Every structure is written in structure tokens, then in C-alpha cells.
Amino acid sequence: MRHLLFLLLWISGVTVALGQERSLFDSLQYRAEVQATAGGGDHSPLWLNANRYGLSSLKTANGYVRGAVERQLRVDDGRRWGIGYGVDVAVAAGFTRTFVVQQAFMEARWLKGVLTVGAKEQPMELKNQELSTGSQTLGINARPVPQVRLSLPDYWAIPGLHNWLALKGHVAYGRTTDGHWQDDFVAPQSRYTGNSYYHSKAGYLKIGPKNITFEVGLEMASQFGGESHVWENGVEKVYKNSQNAKAFFNALVPGGSDATDGDFENTEGNQLGSWVARLNIDQPAWQLGIYADQFFEDHSMLFHFNKSGDKKFRYDFKDWMLGAELKLKNNPWLENIVVEYLYTKYQAGPVYHDETNNIRLQISGRDNYYNHHLYSGWQHWGQVMGNPLYVSPLYNEDNTIEVKHNRFVAWHLGLSGTPLPRLHYRVLATWQKSYGSYYYLPTNPMEGVSLLAEAGYGLSSSWSLKGAFAMDAGKLRGDNYGFQLSVIKTGLFKN
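Rules behind the numbers
Residues numbered from 1 in each chain as written. Predicted model: local features only at pLDDT ≥ 70, side-chain atom pairs only at ≥ 80, totals over all residues. Heavy atoms only, no water. Phe/Tyr/Trp six-rings, centres within 6.5 Å; stacked < 30°, edge-to-face > 60°. Helix = DSSP H or I, 4+ residues; strand = E, 2+ residues; numbered from the N terminus. Buried < 20%, exposed > 50% of the residue type's maximum accessible area, 1.4 Å probe, protein only. Lys, Arg positive; Asp, Glu negative; His and termini not counted. Salt bridge = Lys/Arg side-chain N within 4 Å of Asp/Glu carboxyl O. Polar contact = N/O pair within 3.5 Å; in protein donor to acceptor, adjacent residues only side chain to side chain. Contact = heavy atoms within 4.5 Å. Patch = residues over 30% accessible without salt bridge, like charges linked within 9 Å, V, L, I, M, F, W, Y side chains within 5 Å. Areas by Shrake-Rupley, 256 points an atom, 1.4 Å probe, with all protein chains shown as cover. pLDDT = per-residue confidence, 0-100. Core = buried A, V, L, I, M, F, W, Y, C linked by side-chain atoms within 4.5 Å. Pairing = 2+ DSSP bridges. Axes fitted to C-alpha atoms, helices over the stretch in contact; angles between N-to-C directions. Arc of directions from axis to C-beta.

Quick look at the packing of aromatic side chains
(1) Moving on: Across all of its chains, the model carries 17 aromatic pairs by this definition.
(2) Moving on: Residues tyrosine 30 and phenylalanine 493 carry aromatic rings whose centres are separated by 5.1 Å and whose planes lie at 50° to one another, so their mutual orientation is tilted. You can see tyrosine 30 sitting in strand S1 (residues 29-40) and its partner phenylalanine 493 sitting in the segment after strand S25 (480-492), a full 463 residues away along the chain.
(3) Moving on: On the accessibility criterion, tyrosine 30 (24% relative accessible area) is partly exposed.
(4) Moving on: A relative accessible area of 40% means that phenylalanine 493 is categorised as partly exposed.
(5) Moving on: A ring pair is formed by tyrosine 198 and tryptophan 378, whose centres lie 6.0 Å apart and whose planes are at 10°; its orientation type is stacked. Placement of tyrosine 198 in strand S9 (residues 197-207) and of tryptophan 378 in the loop between strand S18 (336-343) and strand S19 (379-380) is noted, with a sequence separation of 180 residues between them.

Points about the side chain of aspartate 472
(1) Moving on: Along the chain, aspartate 472 turns up in strand S24 (residues 463-474).
(2) Moving on: One buried charge, aspartate 472, has no salt-bridge partner; the nearest side chain with opposite charge is arginine 477, at 5.6 Å.
(3) Moving on: Polar side-chain contacts of aspartate 472 include one of 3.1 Å to the backbone nitrogen of leucine 46.
(4) Moving on: Among the polar contacts listed, one links the side chain of aspartate 472 to the side chain of serine 450, at a separation of 2.8 Å.
(5) Moving on: Contacts of aspartate 472, omitting those with residues within four sequence positions, involve Ser44, Pro45, Leu46, Val449, Ser450, Arg477, Gly478, Asp479 and Asn480.

Here's the deal with unusual backbone geometry
(1) Moving on: With a phi angle near 70°, leucine 126 is a residue other than glycine that sits in the positive phi range.
(2) Moving on: In this fold, leucine 126 is placed in the loop between strand S5 (113-119) and strand S6 (147-157).
(3) Moving on: The phi angle at asparagine 195 is positive, at roughly 55°, despite the residue not being glycine.
(4) Moving on: Structurally, the position occupied by asparagine 195 is in the loop between strand S8 (192-194) and S9.
(5) Moving on: Overall, asparagine 195 belongs to the partly exposed group, its relative accessible area being 39%.

Section: a nonpolar patch on the surface
(1) Moving on: On the surface, a cluster of nonpolar side chains totalling about 690 Å² of accessible area is made up of Val34, Val65, Tyr457, Leu459, Trp463, Leu465, Leu485 and Val487.
(2) Moving on: For the nonpolar patch, the secondary structure elements donating two or more residues are S24 and S25.
(3) Moving on: In this structure, leucine 465 sits in strand S24.

A look at the confidence of the model for the protein
(1) Moving on: For the protein, the mean per-residue pLDDT works out to 90, and 88% of the residues sit at or above 70.
(2) Moving on: Contacts of residues 15-20 to residues separated by more than four positions or lying in other chains number four contacts, the stretch itself having pLDDT below 50.

Re the nonpolar core
(1) Moving on: Formed by 48 residues in total, the largest nonpolar core has its most connected members in Trp47, Tyr370, Trp378, Leu389 and Leu452.
(2) Moving on: For leucine 452, the contacting residues outside a window of four places in its chain are Trp47, Leu48, Arg426, Val427, Leu428, Ala468, Phe469 and Ala470.
(3) Moving on: By size, the runner-up hydrophobic cluster in this structure holds eight residues, among which are Tyr197, Val230, Ala251 and Tyr375.

Quick notes on the pairing of strand S14 (residues 286-296)
(1) Moving on: Note that strand S13 (residues 270-282) and S14 share ten bridges and pair antiparallel. Residue pairing in the sheet places asparagine 280 in a bridge with glycine 289 of S14.
(2) Moving on: Taking the residues that link successive antiparallel strands as the turn, the S13-S14 hairpin has three residues.
(3) Moving on: Pairing of S14 with strand S17 (residues 320-328), which is carried by eight bridges, proceeds in the antiparallel orientation. Bridge pairing links tyrosine 291 to glycine 323 in S17.

Looking at the sheet that holds strand S12 (residues 235-240)
(1) Moving on: On the basis of which strands lie adjacent, the open sheet formed by three strands has the order S8-S11-S12 and antiparallel pairing. Each edge of the sheet is formed by a strand with only one pairing partner; in this case those strands are S8 and S12. Taking each pair of neighbouring strands and ignoring which way they run, the sheet shows an average axis angle of 20°.
(2) Moving on: Sheet topology places strand S11 (residues 227-232) next to S12; six bridges connect them, and they run antiparallel. Its bridge partner being in S12, tryptophan 231 is matched across the sheet by glutamate 236.

Description of the pattern of salt bridges
(1) Moving on: For the coordinates displayed, the defined rule picks out 13 salt bridges.
(2) Moving on: A single network of salt bridges, built from pairs that share partners, joins Arg52, Arg426 and Glu454.

Here's the deal with helix H4 (residues 245-252)
(1) Moving on: Buried residues of H4: Ala247, Asn250 and Ala251, and no others. Taken around the axis of H4, the buried residues stretch over an arc of 105°, which confines them to a single face. Residues Ala245 and Lys246 are exposed on H4 and point more than 90 degrees away from its buried face.
(2) Moving on: Each element contacted by the buried residues of H4 is listed here: strand S7 (165-175), S9, strand S10 (212-224) and S13.
(3) Moving on: Two to three positions downstream of the cap, the backbone nitrogen of lysine 246 sits 3.2 Å from a side-chain oxygen, assigning the N-cap of H4 to asparagine 244.

Following this line, the structure appears as C-alpha cells:
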């Protein structure tokens, strides 16, 4: 509530300061939605739960009433400056929380640069928002983290190069909001970290001005600070992690060490990221994108080599998300096709060894993606903040906050189209085979298939209806099915 009050005061203050030149209540949009989900099995199916910015539930019966108002930055396109803000709240049943402030943010643009303060749903880069399984680092699966974010959201062509080279990116600091949820959810004598800080940064380059372009980028993130509760030999130890200026710098430029490192120092906090790339070919009748997302947890897979003494280790290029997106411009029945392949079994290999007096060799392996020995891993409110095929902690029946299925192979297909002016559909189909993790080994690999069929229809210019059916089959997530219905009203407030 403090954030909402501050936002309203800020809007009023800026409106008065700007006088009558342009009201900050111009072009104010609203959205109201009622959603209900019902089904059977152990959980709500994967694709009724995943990649919804955390506003979803694993309960087989759940729903919400949601309301939002937003003034988009694009309202001020053509001006040197722009102002935007938004509030998005929901009252939910069957969720991790009854009253959810999904978004509450304000942002200002000067020329190309944007400053955003608060919690806002940020889109993925270089992937289809509707059909992809999701980015491995900066995904759309978890609830937004309140943050201060400075960004160049659209490509800026470097002067003098005739549009052959452009760049964009962001840097952000924030703080997670799931500390109380972790305390309530976690099983006795299990690790958790409350109120940790969040940092993310990314940079992307685009080469080529015409119908063939290549994009390459680096996405990185970290968790630091907060209070970690760790159990050692049945005794709880509480570590108040550093959150001074040096800790913030070590998040930006990886360095330092954690309180639990002892003689074997690691980089401070939970550091992770992805190398990403995409080749785009644009033709009159179709557009093809071929992309890759290579995830890493430490320097071994960041640079693919490690040096210990006079020994050098080279790591294989095995763990990838590889994808292709085909857009058919003149075929409304089938407009977009996405195919993705994910392989995450390698993780720098099955061996980890620190250098000792007897064995003068350090080998970096067993990276244990999305997990950390001190922090609660790459999750927020129980949902992974990257790709949801890494099975989120919310699924854990033993109430541990850990990603137990991070070594897997998966194939994914996504289709969408608009066969009628008011009718849009999408279909998702995913097969996955999990080998658990290097620290959690199921007796046998666990397979799963997840399907979604969803269609939305515009009843009028402001009313729309969306319905979906989804199912899971197999041992990985169980045998589940569910139906989802949403009624949505959108419009523009009139002055």
C-alpha cells in the first residue's frame, strides 16, 4: 500500500509541475479481468501455470479478479521526454497470496534512455513471448522484483556507421519480496534466504541494417545480501550477508566471497547468466529467426575454460537452448511456428574439486543450475525466474526451496494464428526427460509431456473472452488436466 500511495502522490506532483502543457492522465488505459481455472490431478498443468509473470497457481482450482491502470511511455512518442506509470493488482484464490500487487511502477524517458522504479513485467529478449518456453536467465515465469532499472530498451544506431551497428541493454538493482513466503513454505531444517537483493544487467548488439541481421548479447544476474538460514549437522546457522556498497559493486562486477566459503573462496552471491544470439532473415512473405541461449552459473561455463596451476581445462559447448521461429506473413491460419531444443545435462561435468595441499588441482563442475549453497536459488515466490522447464520449488512435496530437476533434455513446439479478425489461438506441446540433478538422482529418468490449446475471441472493441485446455502426462509433473476461462474488459479513461 505504501508503494501505491507514493505512486499517486508522484503522479499528482508531476502533473502540477508540468501545468497544463500535457496532463499525466491523458491516454490512461484500464484493464479488468476475471479468471478461473479448474481441473484434476496433482497440479494445475504446466502451461496454465508457467510464463505468466508468477500470477498463477499450482492448485487444481484457482482464480483471480484483476484490475490495472497504465499510462504507457509511447503516449509521449515524438517528445524528447516521456512519463509512464502503472498499477496492477489482483485478489486471488488458491495462490501463494490473496492480495497481489503484481505491478506498481513509474518510469521516465529522456531521449532513448528510460528510468523505471518499481515492479514491472519486463518482456524477454530475442524470443517469442507467446510461444517460447522462456529465457534461461531473464524469463517471464516469476513475479516481478521491485527494482530501479536504467535501460536503453530499443536499439540505438551508433552514429557514423550507416545503421550497421546498434545496441541496447539495461542495468537494475532490486529486492525480493518473498521472505515471509519462504519462511512459511520451507520445511524444518531446510535452507532459505529472506529479503535478498537482486541485480540484473544485459547488453545486446545488432549487426546489419536491412533484411539480414544478427543479434548477440550477454544477460547476467545475481542475488546477494539478505539473511540466510542454513542447517549444519542439525544446528541452524544464520548468516547476515553483506549488503554494503562493496556488495553492490561485486554484484555488478563479480568478485568477493560469501560467509560460508572458508578457505575456498567463490564469487559473492548467486551469480548466473546467459550468452544469447539470434540470426534474422526477413523476406516479403516470411521471416525466420534462429537463436541460441547458453546458460552458465560460474566462470567455467561463462568462458568455457578453467586454469589450475599449469593445467588448463576446456569445457564442452553442450548446454544450450536452440530455437527457430518462422513467421508466415500472408497466412493468418498459421502465422507463427516456434521449435526449441534444450539440453542441460552437462553443467561443466560431474566432478568438482577444490585445490588442496595433497591434490594441487581445482576442477569446476557440478554447477547445479538455478541452485546455490547459501541462497534459495534463482526463484521468486517459488517460481523459477528463468525457464519453467527447470521444475520450480513450488512443485516440491518436501517443501524444500530447491530446483531438483535441472538436468534434462526437452523438445518444444509452439503454433499461433489469427484465422478470423477477432479470433486468435496458440498451441504448445512440450516433451521433457529429466535426470534430476547432480545432487538429486531419481531411480530412473522421469519423462513428461505438456500440452496447451488456447483461443481468445474479441466480443467487441473492449470485451474479450479467452479459454484454454491443458494437460500433463508422465512421471515428471504427474497426470494433470485443467480448463481456464478469462473474461477481459479493456478501455481508455476519458478526460
